[in-house]
Amino acid sequence: MTQPISIDDKANAIKFKDEGNTYIKQQNFPKAIELYTKAIELDSNVSIFFSNRALAHIKMDNFQSALNDCNDAIKLDKNNIKAYHRRGMCEVGLLDFKRAKNDFTIVLKVKPTDATAKRGLTMCDRFIREQRFKKAIGGADSETINFCRTINLSSFDANADLSKYDGKILEFEQLKNDKDENAGVHITNMSQEFISFMVNDLFLKGKQLPKKYVAAIVSHAENLFHQESTLIEISNKNQPDIIISVCGDTHGQFYDVLNIFKRFGKISPNHIYLFNGDFVDRGSWSCEVALLFYCLKILFPKNIYLNRGNHETDNMNKVYGFEDECKHKYSERIFEMFSQSFESLPLATLINDDYLVMHGGLPKDTESTIDDIKALDRFKQPPREGLFMDLLWADPQAAEGFGPSQRGLGFSFGPDITAKYLERNNLKKIFRSHEVRMGGAEFEHNKKLITVFSAPNYCDSQLNKGAIIHVVPGKGKIGINGNDDEDLHVELFEHVEHPDIKPMAYSNGGLGF
């Protein structure tokens with residue numbers, strides 16, 4: 001029989017809830033979760049305690065945990081409309097659009113003018129239609145058109161944006177295959193001068209490149225990515241003057257990306273950069289970040305590398321803003337080209353045969369080796385399970401073994417899994433990203449794994465620092481920012497000011513993620 005809850009416990013639970021609300025307003029979501037949890041521990045019969053905690057989990061992308069809280073809130077109070085609304089948001093985050101549609105419909109029956117629920121319902125209808133269309137044509141014999149390869153640049157010549165363009169000129173070569181068919185575009189004169197013009201005279205002034213130039217840049221970069229291995233291997237072991245710098249998520253925070261190069265050095269033959277996925281979505285300068293990285297890749301193909309993140313995928317781009325931003329600034333065809341270029345991105349990088357870098361985490365297959373990564377067919381959208389999915393989505397946990405993911409996609413793996421993987425593959429450490437760390441970087445799993453996140457003050461709200469890991473054999477700085485490796489140097493940085501444009505400003509979904 002359940003023990004009755006004392007008046008004092010009920011009163012203290014409300015106090016914890018009110019404190020949690022304060023931290024929500026301050027956008028300190030981990031602290032809010034801690035306080036709502038204390039409230040629930042004292043009194044688990046109050047629906048709003050669960051729906052409030054769900055909101056904090058949503059803000060941290062913990063969609064499965066948030067969904068569980070919404071279900072508990074609705075069990076306690078079937079009239080808790082906020083719980084239905086938040087459950088719909090969780091289901092969008094989990095890419096379950098049919099269930100999300102049902103919940104947004106419930107909300108709109110009670111609050112027919114709710115703008116966010118209306119946008120959510122519209123988004124769900126669009127996704128459901130697209131999924132039905134893809135299913136309907138799934139059995140067809142036709143192949144997906146690769147716009148990066150088949151693009152005909154002359155089709156852009158009549159565009160007004162090109163006739164008005166008076167900036168640095170790019171020159172192109174239309175590539176052909178052995179059947180004399182279009183096989184992509186090669187830019188013959190990419191230069192530091194062009195990149196500087198693009199950044200300073202266009203992007204920093206809120207202007208865009210002509211679509212013809214964007215199409216050429218994406219096509220050329222896609223071809224470079226396509227030629228790379230699924231597992232990139234780079235080394236500076238025998239070249240002490242070369243620095244390899246590893247950055248985590250940058251999420252369309254263009255001004256912070258520029259600050260990285262300003263603070264830590266530009267890309268050059270002596271300074272290699274690896275950006276470990278999630279360079280688009282969330283931030284409202286995702287096009288600018290992607291185009292900067294792609295131009296740098298064209299100019300310095302052996303000095304900048306990009307791993308694919310879970311946000312370099314179609315479903316994420318539709319929910320978190322990049323598709324809408326791309327259509328707003330350029331066109332749907334340009335987004336399709338970006339999407340196909342993402343499918344060519346490598347999935348992991350091995351540095352000095354010591355450090356394995358992937359966006360998400362380790363595979364659930366306890367016998368897996370780095371040779372399995374090399375063998376993956378990466379030129380597609382990721383499946384919902386398996387090694388491909390694990391590399392983009394898995395997260396570390398404190399407990400041993402495997403556990404469910406708070407996100408609801410992927411899973412969590414413990415320190416024993418990391419240790420065994422390193423031993424099995426003769427590695428020193430795992431570098432990964434995928435999660436905010438308030439200090440920018442965090443050594444985890446007995447310092448055998450490092451999470452590095454490079455989007456400071458993430459979404460203009462988290463107040464976290466950014467971090468970068470330099471691989472500098474024999475020149476590392478032990479004891480600085482938690483580092484215990486003589487070949488590494490971990491540096492932190494703060495966010496910089498940017499124009500007053502909110503995250504996901506161009507998103508038609510606008511669900512408040």
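See the structure above.
Here the structure is a predicted model, which is why all the values come from computation and not from measurement.

**A few points about the pattern of salt bridges**
Per the counting criterion, the structure on display carries 35 salt bridges. A salt bridge links Asp-395 to Arg-407, with the nearest nitrogen and oxygen atoms 2.5 Å apart. In this pair, Asp-395 sits in strand S9 (residues 395-396) while Arg-407 sits in the loop between strand S10 (402-404) and strand S11 (411-413), placing the two residues 12 residues apart along the sequence. By relative accessible area, Asp-395 is classed as buried at 4%. Here Asp-484 and Lys-429 are joined by a salt bridge, their closest N and O atoms 3.0 Å apart. Here Asp-484, found in the loop between strand S15 (466-471) and strand S16 (488-493), pairs with Lys-429, found in strand S12 (residues 429-432); they are 55 residues apart in sequence, far enough to count as distant. Assessed through its relative accessible area of 5%, Lys-429 is described here as buried.

**As for the environment of Ala-73**
Tracing the sequence through the fold places Ala-73 in helix H4 (residues 63-76). When the C-alpha atoms of Ala-73 and Ile-48 are compared, they prove to be 6.6 Å apart, with 25 residues separating the residues in sequence. With near-sequence residues (within four places) excluded, Ala-73 lies in contact with Ser-47, Phe-50, Ser-51, Asn-80 and Ala-83.

**Quick look at empty space enclosed by the protein**
Applying the stated rule across the entire model yields 3 cavities of 30 Å³ or more. If you go around the largest cavity, you meet 15 residues; those closest to its centre are Gly-252, Gln-253, Trp-285, Asp-460 and His-498. Considering only residue class, the lining of the largest cavity consists of 7 nonpolar, 5 polar and 3 charged. Space inside the second largest cavity adds up to approximately 80 Å³. Around the second largest cavity, the lining residues are Asp-61, Phe-63, Gly-93, Arg-282, Asn-310, His-311, Met-316, Tyr-320, Trp-393, Arg-407 and Leu-409.

**Considering helix H2 (residues 29-42)**
Owing to its 3.6 residues per turn, the α-helix brings residues three or four apart onto one side. With 14 residues, H2 extends 20 Å from end C-alpha to end C-alpha; this agrees with the ideal 20 Å at 1.5 Å per step. Looking at H2, one finds that the buried residues are Phe-29, Ala-32, Ile-33, Leu-35, Tyr-36, Ala-39 and Ile-40. Against helix H1 (7-25) and helix H3 (47-59) lie the buried residues of H2. The distance from a side-chain oxygen at the start of H2 to the backbone nitrogen of Lys-31 is 3.3 Å, and the residue carrying that oxygen is Asn-28.

**Looking at unusual backbone geometry**
One non-glycine residue, Asp-180, lies in positive phi territory at about 65 degrees. Relative to the elements of secondary structure, Asp-180 occurs in the loop between strand S1 (172-176) and strand S2 (182-187). A positive phi angle, near 55 degrees, is found at Asn-481, a position not held by glycine. For Asn-481, the location among the structural elements is in the loop between S15 and S16. Relative accessible area serves as the criterion here: at 34%, Asn-481 is assigned to the partly exposed category.

**Re the sheet that holds strand S3 (residues 231-234)**
Within a sheet, each strand pairs with its neighbour through backbone hydrogen bonds, oriented either parallel or antiparallel. Reading across from one edge, S3-S7-S8-S12-S14-S13 is the order of the 6 strands in this open sheet, with mixed pairing throughout. For this open sheet the edge positions go to S3 and strand S13 (441-444), each flanked by a neighbour on one side alone. Each strand of the sheet is rotated relative to its neighbour by a mean of 20 degrees, with strand direction disregarded. Here 4 bridges tie S13 to strand S14 (residues 449-452), and the two strands are oriented antiparallel to one another. Bridged to Phe-443 within S14 is Ile-450. In the packing of helix H19 (residues 415-425) onto the sheet, contacts are made with strand S8 (355-358), S12 and S14, and the angle to S12 comes to roughly 115 degrees.

**Some details on the pairing of S8**
With burial as the criterion, each face of S8 is covered, one bearing Tyr-355 and Val-357 and the other bearing Leu-356 and Met-358. Where strand S7 (residues 348-351) lies against S8, 4 bridges are found, and the strand directions are antiparallel. Note on S8: the bridge partner recorded for Thr-349 is Val-357. Between S7 and S8, which follow one another and run antiparallel, lie 3 residues, and Asn-352 among them has a positive phi close to 60 degrees. Sheet topology places S8 next to S12; 3 bridges connect them, and they run parallel. In the sheet register, Leu-356 faces S12, and the bridge partner there is Ile-430.

**Some points on the nonpolar core**
Membership of the largest hydrophobic core comes to 65 residues, with the highest contact counts inside it found for Phe-194, Leu-209, Ile-217, Phe-279, Phe-293, Tyr-294 and Phe-338. Ranked by residues supplied to this core, first place goes to helix H13 (residues 286-299) with 10 residues. Within the second largest apolar cluster, 60 residues are counted, among which are Met-123, Cys-124, Met-316 and Tyr-320.

**Thoughts on the packing of aromatic side chains**
Two aromatic rings are characterised by how far apart their centres lie and by the angle between their planes. Counted according to the given criterion, the structure contains 24 aromatic pairs. With a centroid separation of 5.8 Å and 10 degrees between ring planes, the pair formed by Tyr-273 and Phe-275 is classed as stacked. When sorted by exposure, Tyr-273 lands in the same class as Phe-275, which is buried. Residues Phe-279 and Phe-342 carry aromatic rings whose centres are separated by 5.8 Å and whose planes lie at 85 degrees to one another, so their mutual orientation is edge-to-face. With a gap of 63 residues between them, Phe-279 in the loop between strand S5 (271-276) and H13 and Phe-342 in helix H16 (residues 332-342) connect regions that are remote in the sequence. Of the two residues examined, Phe-279 and Phe-342, each falls in the buried class. Among the aromatic side chains, those forming a connected cluster through ring pairs are Phe-225, Phe-261, Tyr-273, Phe-275, Phe-279, Phe-293, Tyr-294, Phe-322, Phe-335, Phe-338 and Phe-342. Directly above the ring of Phe-411 sits Lys-364, whose terminal nitrogen or CZ lies 5.3 Å from the centroid. Geometry around Phe-443 places Lys-447 over its ring, the cationic atom sitting 5.6 Å from the centre.

Cut-offs used in this document
- Residues numbered from 1 in each chain as written.
- Predicted model: local features only at pLDDT ≥ 70, side-chain atom pairs only at ≥ 80, totals over all residues.
- Heavy atoms only, no water.
- Salt bridge = Lys/Arg side-chain N within 4 Å of Asp/Glu carboxyl O.
- Helix = DSSP H or I, 4+ residues; strand = E, 2+ residues; numbered from the N terminus.
- Buried < 20%, exposed > 50% of the residue type's maximum accessible area, 1.4 Å probe, protein only.
- Contact = heavy atoms within 4.5 Å.
- 1 Å grid on protein atoms, 1.4 Å probe; cavity = no way out; pocket = protein on both sides within 12 Å on 5 of 7 lines; lining within 4 Å.
- Points joined across faces, edges and corners; volume = space filled by probe spheres on them.
- Nonpolar A, V, L, I, M, F, W, Y, C, P; charged D, E, K, R; others polar.
- Expected span 1.5 Å × (residues − 1).
- Polar contact = N/O pair within 3.5 Å; in protein donor to acceptor, adjacent residues only side chain to side chain.
- Pairing = 2+ DSSP bridges.
- Axes fitted to C-alpha atoms, helices over the stretch in contact; angles between N-to-C directions.
- Core = buried A, V, L, I, M, F, W, Y, C linked by side-chain atoms within 4.5 Å.
- Phe/Tyr/Trp six-rings, centres within 6.5 Å; stacked < 30°, edge-to-face > 60°.
- Lys NZ or Arg CZ within 6 Å of the ring centre and 35° of its normal.

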